[in-house]
Amino acid sequence: MTCIRPSTTDDREALLSLWLRSVRATHTFLSETDIVALIPAVRDGALVMLEVWVLADHDDRPLGFMGLDGAKLEALFIDPAHTGNGGGTKLVAHARQLKGELTVDVNEQNPDALAFYVAQGFRATGRSETDGEGRPFPLIHMHANVIWPAS
């Protein structure tokens, strides 16, 4: 049994650790140097500035989390030990309940994430050659304007 709850400051270290495990497992296009360089942006930026929601197990241990900036899904990470169990789908459904239509930017070099968002009803609306920081990591801009799956 899982629940989705707002993040607290007490979650930050556990979420950063979860982010590291997830990125190392899924973002194979990033070097370890790239990943380490991103830690401050996640720890001091995303986990502080975004509206962060935690997917937690029955003992309140984080299994995943998402970060929202308005209706834009800025981050969604699931602990690699718990991928494929529906946690990402639950987080997206929760975001839709909160915000309605959603947008997301997905690393083009992460085909599993692209497939996940397509399965959630997102469609590509554009592409950028670089990420938001100007690094050479192309992004696919996606939008979902329907409630998916229908309730």
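Everything here concerns the structure above.
Here we summarise the structure given alongside this text. Only a predicted model underlies this, so the values are computations on that prediction, with no experimental measurement involved. As a convention, each chain's residues are numbered from 1 in the sequence order in which they are written. The predicted nature of this model means local features are confined to residues of pLDDT at least 70 and side-chain atom pairs, given and counted, to a pLDDT of 80 or more, with totals for whole chains, interfaces and linings taken over all residues. In computing side-chain properties, one takes all heavy atoms of the structure into account and sets aside hydrogens as well as water.

### With respect to the overall build of the protein chain
And step 1. Each helix corresponds to a stretch of at least 4 residues labelled H or I by DSSP, and each strand to a stretch of at least 2 residues labelled E; elements are numbered beginning at the N terminus. The helix and strand inventory of the protein chain stands at four helices and seven strands.
And step 2. For the protein chain, the succession of helices and strands along the chain, N to C, is β-α-α-β-β-β-α-β-α-β-β.
And step 3. The C-alpha radius of gyration computed for the protein chain amounts to 15 Å, which stays within 12% of the reference 15 Å derived for 151 residues, consistent with globular compactness.
And step 4. With respect to the principal axes defined by its C-alpha atoms, the protein chain has extents near 40 × 35 × 25 Å.
And step 5. Taken across its 151 residues, the protein chain has 42% of its residues classed as buried.
And step 6. We get accessible surface area from the Shrake-Rupley algorithm with a probe of 1.4 Å; when it comes to residues, only the shown protein chains can shield them. Counting every atom, the protein chain has about 8000 Å² of accessible surface; 55% of that belongs to carbon and sulfur.
And step 7. The distance from the centre of the 13 positive side-chain charges to the centre of the 20 negative ones in the protein chain is 3 Å. Throughout, the radius of gyration refers to the C-alpha atoms, and the reference size of a globule is 2.2 Å times the residue count to the power 0.38. The buried label goes to any residue with under 20% of its type's maximum accessible area, the exposed label to any with over 50%, and the partly exposed label to all in between, with areas taken from a 1.4 Å probe on protein chains only. Positive charges come from Lys and Arg alone, negative charges from Asp and Glu alone, with His and the N- and C-terminal ends not counted. By convention, the point assigned to a charge is CZ for Arg, NZ for Lys, CD for Glu and CG for Asp.

### Concerning the packing of aromatic side chains
And step 1. Pairing of aromatic rings covers Phe, Tyr and the six-membered ring of Trp, with a centre-to-centre limit of 6.5 Å; geometry is then stacked below 30 degrees between planes, edge-to-face above 60, and tilted otherwise. Within the structure shown, the criterion is met by five aromatic pairs.
And step 2. Pairing Phe 65 with Phe 77 gives two aromatic rings, centres 5.7 Å apart and planes at 35 degrees, and the pair type is tilted. In this pair, Phe 65 sits in strand S3 (residues 62–69) while Phe 77 sits in strand S4 (residues 72–78), placing the two residues twelve residues apart along the sequence. The same class applies to Phe 65 as to Phe 77, namely buried.
And step 3. Aromatic pair Phe 116 and Tyr 117: ring centres 5.0 Å apart, planes at 75 degrees, arrangement edge-to-face.
And step 4. The class for Phe 116 is partly exposed, based on a relative accessible area of 23%.
And step 5. Linked through ring pairs, Trp 19, Phe 65 and Phe 77 together constitute an aromatic cluster.

### A closer look at the side chain of His 27
And step 1. Along the chain, His 27 turns up in the loop between helix H1 (12–26) and helix H2 (32–49).
And step 2. Given the relative accessible area of 11%, His 27 is considered buried.
And step 3. Throughout, a contact is declared for two residues whenever any of their heavy atoms are within 4.5 Å. Setting aside residues up to four positions removed in sequence, His 27 forms contacts with Ser 22, Phe 77, Asn 107 and Asn 110.

### Describing the sheet that holds strand S6 (residues 123–128)
And step 1. Strands sit in the order S1-S2-S3-S4-S5-S7-S6 across an open sheet of seven strands; the sheet is mixed. The sheet terminates laterally at strand S1 (3–6) and S6, the two strands that pair on one side only. Taking each pair of neighbouring strands and ignoring which way they run, the sheet shows an average axis angle of 30 degrees.
And step 2. Examined bridge by bridge, S3 and S4 share six bridges and lie antiparallel to one another. The partner of Phe 65 across the bridge, within S4, is Phe 77.
And step 3. In this analysis an axis means a line fitted to C-alpha atoms, helices contributing only their contacting stretch, and an angle means the value between N-to-C directions, from 0 to 180 degrees. Across the sheet, H1 is in contact with strand S2 (51–56), S3 and S4; its angle to S3 comes to roughly 95 degrees. A strand pair is defined by DSSP finding two or more bridges across the two strands.

### Concerning the layout of surface pockets
And step 1. Empty space within the largest pocket amounts to approximately 1400 Å³.
And step 2. Counting residues per element, the lining of the largest pocket draws most heavily on S4, at seven residues.
And step 3. Taken together, the residues of the lining of the largest pocket sort by class into 24 nonpolar, 17 polar and seven charged. Note on definitions: the grid is 1 Å and covers protein atoms alone; a cavity is a set of points where a 1.4 Å probe fits but cannot get out; a pocket is an open set with protein on both sides within 12 Å along at least five of seven lines; lining residues have an atom within 4 Å of a point. Grid points are joined across faces, edges and corners, and a volume is the space filled by probe spheres set on the points. Polarity classes work like this: nonpolar for Ala, Val, Leu, Ile, Met, Phe, Trp, Tyr, Cys and Pro, charged for Asp, Glu, Lys and Arg, and polar for all others, with Gly in that last group.

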